[in-house]
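Now for the letters of each chain:
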Amino acid sequence: MPEENITSVLTEKRTFSPLDSFIKQANLKKEEYERLLLKANTNFEGFWSDLALENLHWFKKWDKVLEWNEPFSKWFTGGKVNVSYNCLDRHLEKKSNKTAIIWIGENEEKRSVTYSELYEEVCKFSNVLVQLGIKEKDRIVIYMPMVIEAVVAMLACTRIGAVHSVVFGGFSTEALADRINDSKARMVITADGSYRRGQIVPLKLNVDEALKKCAAVEKVIVTQRSKNNIEMKSGRDYWYHEVISKASGDFKAKELDSEQPLFTLYTSGTTGKPKGILHTTAGYILWTTLTTKWVFDIKDSDVYWCTADIGWITGHSYVVYGPLSCGATVVIYEGAPNYPDWGRFWKTIQENKITIFYTAPTAIRAFMKAGLEWVKKYNLSSLRLLGTVGEPINPAAWMWYQKNIGNEKCPVVDTWWQTETGGILITPIPGITSTKPGSATFPLPGIFADVVDQNGKNIHGDQGGYLVVKKPWPSMIRTIYGDDERYKETYWKRIKGAYFTGDGAKKDKDGYFWLLGRVDDVIKVSGHLLSTMEVESSLVNHTAVAEAAVVGYPHEIKGEALCAFVVLKQDSVNKDHHLLSEELKKHVAKEIGPVAKPDQIKFTESLPKTRSGKIMRRLLRDIASGKQTVGDTTTLEDAGVLEKLRTQEEE
Ligand code: PRX
């Protein structure tokens, strides 16, 4: 666990109470919050039952709130529900002409759809899917840019009971093929291309390459976005606009079991293979709906913008499902935050009068570095609430955000959660919680998160420990797709009787939670979770590499960056190191995606290992971050290795 974090959080003394003007209008008020906390403590199932009745549309009420057979949970069994019904149909009576989505393309294009238009498009696309042979529980991979059709595709899957697996458009062909194969998808939905910093990302071409390795895929639907030249394979590939133009606009939402699989989403684990996190229907939509109401204080008048890509869980829960289930107006933006310049986000806020803005600390740090002049050019007075997610936000970035973007009048919600948790678990509630910069504050009502030692004992005071959740919650991961054993092993073995998050945390004397980063070999680069093992396996796949160890080190903007220590094969030792370094970076970008590209590559004759052969990553982390090694090095097999590594120039 990073020690410097532990000391830095101890020095944070500032607190910010919610303003009266915010408190008065807040969705969740203090009395209600306290009642909820009490109810969750005294009548756990009753607590969830009330919320499920009040917040969702049910075709049929459940028989049982919770079946808990640790570590497997089933929520609201016997109930019948549909996610797209909750996101669309139930709003039609009162909000059919309300804007559901405002889409902004990278090249300044703009298009909006109302709830009734979105409903009709989703119905049509549901018919298309069924006509192309998709059945309940079939898997569909969505590999798309941030366009309205991506949201339509997701909602149509939920309408017919198919299981989507969205793959981030920035992932490479290989990563895409792995995910298609692991999910055993029958269909891929994609676009010809998408725009990123003025360039066209050739999504369809990547799909064509990937499908050479994916025998189970029968059909591909292609949205036209960038009009780049692509090949359409007859009998396999269909244009979205052609198939949808012939489809009927009526499709009755399927009445699905509460526990029907909703989607899988891949995330990095400590071993090389990504984990397909499985979420199911009722529990997921309940918690994303509730948290959108409580944490973002969503109102009918809001224009809400979460900058996450739909390829990540934040895009699922807080671009698509939570806000649409609440009937909100959602902004989606296709391109890069700094295209054509660093004013892009602020211009978007001004032009669309955005009221709620949710982004990642890595973006905030990049904007800080770009300079305040970009912010000052625009009028941000429409904003009333700010949020962050994805990694710890350092107090300096929090303060900058609160002052310069929020003009000291917007509450800042630092929301902690994971792909596995489905929705936000630890966060301030904007009209209630006094915030401390850098702290995600407290678990929400119904969430029994805690900080414990390795024996599962509570830790108080300033000591760091493991962040766990002691009771199930509705939007929790159900399993790792196709691998129950790995699910048990990853989340339920380390601490007896609790869900292990993989994060370190501490609670201060006021009970505030401070997140301290990952405790294993998974790191966050620009908000993207990466397994160092995955990058290592990609490096050793290269013909020149004999062995590789990858570690994270602190990085001013990315939060963490990757440093790879590489041992070359004998016949490559004399190659030009600079060229080889560039080649390896490209190789990793191609195999996994640009985000996994190491910032530094250090060539070495050997890696520091214990006598039993385990790579001492702690030492490599020290070297990568330029720190003096403290602590025990006596188990090192060859102490000379360290010295050589330290004196070596970066390649
Ligand atoms: O380490 C925590 C960090 O992001 C991890 C989850 O990553 P992912 O599954 O990609 O989901 C990201 C979006 C929910 C966590 O285990 N993390 C997320 N939010 C925070 C955070 N760390 C500190 N503070 C946060 N607010």
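Bear in mind that the values here come from a model prediction, so they are computed numbers and not experimental data.

A. Here's a closer look at the overall build of the protein. Across its full length, the protein carries 22 helices and 30 strands. Over its C-alpha atoms, taken along the principal directions, the protein stretches across nearly 75 × 65 × 55 Å. Out of the 651 residues belonging to the protein, those deemed buried represent 60%. Residue pairs in contact within the protein that sit at least 24 positions apart in sequence constitute 71% of those at least 6 positions apart. In the protein, 85 positive and 82 negative side-chain charges are present, and the distance between their average locations comes to 3 Å.

B. Highlighting the confidence of the model for the protein. Per-residue pLDDT for the protein has a mean of 92; in total, 95% of the residues score no lower than 70. For the stretch residues 1-10, pLDDT sits under 50, and the model shows 15 contacts to residues farther than four places along the chain or on other chains.

C. Representation of the nonpolar core. Core analysis: the biggest nonpolar cluster contains 121 residues, and Trp48, Leu118, Phe125 and Leu129 have the highest contact counts within it. Among the elements that line this core, the one with the most residues is helix H8 (residues 148-160), at 10 residues. Apart from the residues lying within four places of it in its own chain, the contact partners of Phe125 are Val152, Ala153, Ala156, Ile189, Ile221, Tyr240 and Ile244. By size, the runner-up hydrophobic cluster in this structure holds 27 residues, among which are Tyr333, Ala363, Tyr378 and Cys410.

D. Inspection of the site of the ligand at higher detail. By nearness alone, 17 residues border the ligand, and Asp414, Thr415, Thr419, Asp503 and Arg518 come closest of all. Coverage of the ligand by the protein chains reaches 94% of its 540 Å² of free accessible surface. Elements supplying a minimum of two residues to the shell around the ligand: helix H13 (313-325), strand S20 (412-415) and strand S25 (513-518). Here the residues of the shell around the ligand are counted per class, giving 7 nonpolar, 5 polar and 5 charged.

E. Looking closely at the packing of helix H15 (residues 361-370) against helix H17 (residues 395-405). Where H15 contacts H17, the two axes come as close as 10 Å, and the packing angle between them is 70°. In terms of orientation, H15 lies roughly perpendicular with respect to H17. Of H17, the residues touching H15 (which contributes Ile364, Arg365, Phe367 and Met368) are Ala396, Ala397, Trp400 and Tyr401.

F. Here's a closer look at the state of the cysteines. Summed over the entire model, instances satisfying the criterion amount to 0 disulfides. A disulfide-free cysteine, Cys123 has its sulfur positioned 13 Å from the sulfur of Cys87, the nearest such atom. Cys326 carries a free sulfur, and the closest cysteine sulfur to it, the one in Cys87, is 8.9 Å from it.

G. Highlighting the domain arrangement of the protein. Per the domain assignment, the segments of the protein are domain 1 (83-97 + 116-254) and domain 2 (520-650). A straight line from the C-alpha centre of domain 1 to that of domain 2 covers 38 Å. Counting residues at the interface gives 6 residues for domain 1 and 7 residues for domain 2. When residues of domain 1 are sorted by the area they lose upon contact with domain 2, Phe171, Ser172 and Glu174 head the list and together hold 63% of the total. For the pair domain 1 and domain 2, the number of links is 1 salt bridge.

H. Seen up close, the sheet that holds S20. Strand order in the open sheet made by the 7 strands is S5-S4-S17-S16-S18-S19-S20, with mixed pairing throughout. Across the chains shown, the open sheet's two edge strands, defined by having one partner strand only, are strand S5 (110-114) and S20. When strand polarity is set aside, the average angle formed by the axes of neighbouring strands in this sheet is 20°. Strand direction decides the pairing type here: strand S19 (residues 385-389) and S20, joined by 4 bridges, are parallel.

I. Highlighting the pairing of S5. The pairing of strand S4 (residues 99-104) with S5 spans 5 bridges and is antiparallel. Across the sheet, Trp103 pairs through a bridge with Arg111, a residue of S5. Here S4 folds back onto S5 in antiparallel fashion, the turn holding 5 residues, of which Glu108 has a positive phi close to 75°.

J. Structural context of helix H20 (residues 577-591). Across its 15 residues, H20 extends 21 Å between first and last C-alpha, which sits within 8% of the 21 Å expected from 1.5 Å per residue. The set of residues buried in H20 consists of Leu580, Ser581, Leu584, Lys585, His587, Val588 and Ala589. Here H20 starts with a cap whose side-chain oxygen sits 2.8 Å from the backbone nitrogen of His578, and that cap is Asp576. Immediately beyond the C-terminal end of H20, within one or two residues, lies Gly593, with a positive phi of roughly 145°.

K. Spatial organisation of the side chain of Lys436. Mapping Lys436 onto the fold places it in the loop between S20 and strand S21 (449-452). By relative accessible area, Lys436 is classed as buried at 6%. Once residues within four sequence positions are removed from consideration, Lys436 is found in contact with Arg14, Thr15, Asp508, Asp510, Tyr512 and Trp514.

L. Here's a closer look at unusual backbone geometry. Cis geometry is adopted by the peptide bond preceding Pro71, which originates at Glu70 and carries an omega value of 5°. Mapping Pro71 onto the fold places it in the loop between strand S1 (64-69) and strand S2 (72-77). The step from Tyr339 to Pro340 runs through a cis peptide bond, and the omega angle for that step is 0°. Considering the arrangement of structural elements, one finds Pro340 in the loop between strand S17 (329-333) and helix H14 (344-352). In this model, Glu108 sits at a positive phi of 75°, which is unusual for a non-glycine residue. With respect to the secondary-structure elements, Glu108 resides in the loop between S4 and S5.

M. Structural context of the sheet that holds S25. The sheet built from 4 strands is open, its strands ordered S21-S22-S24-S25 with antiparallel pairing. The open sheet has two free edges, formed respectively by S21 and S25, since each of these has just one partner strand. Across this sheet, the average inter-strand angle for adjacent strands is 45°, counted without regard to direction. The pairing of strand S24 (residues 499-507) with S25 spans 4 bridges and is classified as antiparallel.

N. Examining the packing of aromatic side chains more closely. Taken as a whole, this structure holds 44 aromatic pairs when the rule is applied. Geometrically, the ring pair formed by Phe44 and Trp48 is edge-to-face, given 6.3 Å between the ring centres and 85° between the ring planes. Pair noted here: Phe44 and Trp48 are both in helix H4 (residues 44-55), with a separation of 4 residues, about one helical turn. Like Phe44, the residue Trp48 is buried in the burial classification. Three or more aromatic residues link up through ring pairs in this structure, and these residues are Phe44, Phe47, Trp48, Trp58, Trp62, Trp75, Phe76, Trp287, Trp294 and Phe448. The cationic tip of Lys436 hangs over the ring face of Tyr512; the distance from NZ or CZ to the ring centre is 4.3 Å.

O. Summary view of the side chain of Thr267. Checked against the element boundaries, Thr267 lands in strand S14 (residues 261-267). Discounting residues that sit within four places of it in the chain, Thr267 has contacts with Pro274, Lys275, Ile277, Thr419, Glu420 and Leu529.

Cut-offs used in this document
Residues numbered from 1 in each chain as written. Predicted model: local features only at pLDDT ≥ 70, side-chain atom pairs only at ≥ 80, totals over all residues. Heavy atoms only, no water. Helix = DSSP H or I, 4+ residues; strand = E, 2+ residues; numbered from the N terminus. Buried < 20%, exposed > 50% of the residue type's maximum accessible area, 1.4 Å probe, protein only. Contact = heavy atoms within 4.5 Å. Lys, Arg positive; Asp, Glu negative; His and termini not counted. Charge placed at Lys NZ, Arg CZ, Asp CG, Glu CD. pLDDT = per-residue confidence, 0-100. Core = buried A, V, L, I, M, F, W, Y, C linked by side-chain atoms within 4.5 Å. Near = heavy atom within 4 Å. Areas by Shrake-Rupley, 256 points an atom, 1.4 Å probe, with all protein chains shown as cover. Nonpolar A, V, L, I, M, F, W, Y, C, P; charged D, E, K, R; others polar. Axes fitted to C-alpha atoms, helices over the stretch in contact; angles between N-to-C directions. Parallel < 35°, antiparallel > 145°, perpendicular 65-115°, else oblique. Disulfide = S-S within 2.5 Å. Domains from an automatic or database assignment. Buried area = accessible area lost by both parts, 1.4 Å probe. Salt bridge = Lys/Arg side-chain N within 4 Å of Asp/Glu carboxyl O. Pairing = 2+ DSSP bridges. Expected span 1.5 Å × (residues − 1). Polar contact = N/O pair within 3.5 Å; in protein donor to acceptor, adjacent residues only side chain to side chain. Phe/Tyr/Trp six-rings, centres within 6.5 Å; stacked < 30°, edge-to-face > 60°. Lys NZ or Arg CZ within 6 Å of the ring centre and 35° of its normal.

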